[in-house]
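If you want the building blocks of each chain, they are given just below.
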Amino acid sequence: MTDKDAYICALEKKLAELSGIEVGQIKKNRLANAADEARVISEMAAYVASITVQRAGQAQAGIVSPQIADIYSHINAELSEARGAHALPPLKYDYNALEPHISGTIMEIHHTKHHQAYINNLKAATDKLLEAEEHKDVNAMNALLPAIKFNGGGHLNHTIFWTNMSPNGGGEPSGPVADAINAEFGSFQAFKDKFSAASVGVKGSGWGWLGYSPADDKVGIATCQNQDPLQLTHGLVPLLGLDVWEHAYYLQYKNLRADYVKAFFNVINWSNVNERYENARKAAGH
């Protein structure tokens, strides 16, 4: 038995003690959630493969959704990646560095398996998009939007998420972002309560966010379903994101999402959040 298997076995036994649920059932629940995630990713890959690009002269003219270009633009702004040249960004800390708040096993699987899967699907969708552009098949381009949005959003969201955490994180923020939080919510505790409630309350899979509104020069809380990018969905520049898909916490917290959200505050990299806030304000001309 590997160290990872031993860790999972011990964790399942502890969960059984705490919850009163048999280890076998915990394994079934964990496998079911992993299967659901794998199914969604697999279905998206199959969807991309099913799109047939019409050759020049057969393709229909029309208007390409501007969201396609927007997604690649947001990815480029975050990662300096050219369209199609997407790669898994390395973490700036070890997988087990966030323990005991987020287990090393979760971090390793989340980073190397889940995030990598979004990248693989994004690259496949981009290849199909380039083919559609070559033949001026607007229908095929627009048909690819759900896949580009889901997988491009998954790549973008996770990249932000990793940088939003640090082994030396937690506590309360200071500096400009702290002032913005206090101005909008009245206190850090009020922000924490609202952010936590919004994140816990996400229906199904999605994300909780603290974002910046360039138009209002204010921060705000929002949630997004699945992997929908915050800026594309709400017009907010992402500052702090919390992944509340079950793959992000189930192995450690089971179905206790609220406990996971509470633990997240112990690893928030407020220096990174503050840097994002200052850069967003500067870009907006404030």
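In the nomenclature of an unreviewed UniProt entry, the chain is known as superoxide dismutase of Palaemon carinicauda. Per UniProt, the chain has the following entry under Catalytic activity (unreviewed entry): "2 superoxide + 2 H(+) = H2O2 + O2". Checking UniProt for the chain, the heading Function (unreviewed entry) contains the comment "Destroys superoxide anion radicals which are normally produced within the cells and which are toxic to biological systems."

Draft legend 1. Spotlight on the packing of aromatic side chains. Counted by the stated rule, this structure contains 18 aromatic pairs. Pairing phenylalanine 188 with phenylalanine 265 gives two aromatic rings, centres 6.4 Å apart and planes at 75°, and the pair type is edge-to-face. Here the residue phenylalanine 188 occupies a position in helix α8 (residues 188-200), and phenylalanine 265 occupies one in the loop between α11 (257-264) and α12 (270-283), the gap between them amounting to 77 residues. Overall, the relative accessible area of 10% leaves phenylalanine 188 in the buried class. Plain terms: the ring middles of phenylalanine 191 and phenylalanine 195 are 5.6 Å apart, the flat faces sit at 40° to each other, and that makes the pair tilted. Highlighted residues: phenylalanine 191 and phenylalanine 195, both in helix α8, separated by four residues, approximately one helical turn. Grouping residues by exposure puts phenylalanine 191 and phenylalanine 195 together as buried. An aromatic cluster is built from Phe161, Trp162, Phe185, Phe188, Phe191, Phe195, Trp207, Trp209, Phe264, Phe265 and Trp270, whose rings are joined through pairwise contacts. Looking at arginine 83, its charged tip hangs above the ring of tyrosine 72, at a distance of 5.8 Å from the centre. Geometry around phenylalanine 265 places lysine 192 over its ring, the cationic atom sitting 5.2 Å from the centre.

Draft legend 2. Quick look at helix α7 (residues 176-185). Those residues of α7 lying buried are Val177, Ala178, Ala180, Ile181 and Phe185. The buried residues of α7 occupy one face: seen down the axis, they fall within an arc of 160°. Residues of α7 that are exposed and point over 90 degrees away from its buried face: Asp179 and Ala183. In this structure, the buried side of α7 is in contact with α8, β1 (206-213), β2 (218-225) and α12. Looking at the residues trailing α7, positive phi occurs at glycine 186, about 95°.

Draft legend 3. Just the pairing of β2, in detail. Judged from the eight bridges that link them, β1 and β2 form a sheet pairing that is antiparallel. Across the sheet, residue serine 213 finds its bridge partner in β2, namely lysine 218. The turn linking β1 back onto β2 is made up of four residues, and aspartate 217 within it adopts a positive phi angle of 55°.

Draft legend 4. Broad picture of helix α3 (residues 66-79). Over its 14 residues, α3 extends 20 Å from the first C-alpha to the last, a length consistent with the 20 Å expected when each residue adds 1.5 Å. Taken together, the buried residues of α3 touch α4 (104-134), α5 (138-143), α6 (145-163) and α9 (230-234). Note on α3: the residue one or two positions beyond its end, serine 80, has a positive phi of about 55°.

Draft legend 5. Representation of the environment of phenylalanine 161 within the structure. Mapped onto the secondary structure, phenylalanine 161 falls in helix α6. Once residues within four sequence positions are removed from consideration, phenylalanine 161 is found in contact with His110, Trp207, Gly241, Leu242, Asp243, Tyr260 and Phe264.

Definitions and limits used
Residues numbered from 1 in each chain as written. Predicted model: local features only at pLDDT ≥ 70, side-chain atom pairs only at ≥ 80, totals over all residues. Heavy atoms only, no water. UniProt positions renumbered as here; feature names shortened; annotations may be inferred. Phe/Tyr/Trp six-rings, centres within 6.5 Å; stacked < 30°, edge-to-face > 60°. Helix = DSSP H or I, 4+ residues; strand = E, 2+ residues; numbered from the N terminus. Buried < 20%, exposed > 50% of the residue type's maximum accessible area, 1.4 Å probe, protein only. Lys NZ or Arg CZ within 6 Å of the ring centre and 35° of its normal. Arc of directions from axis to C-beta. Contact = heavy atoms within 4.5 Å. Pairing = 2+ DSSP bridges. Expected span 1.5 Å × (residues − 1).

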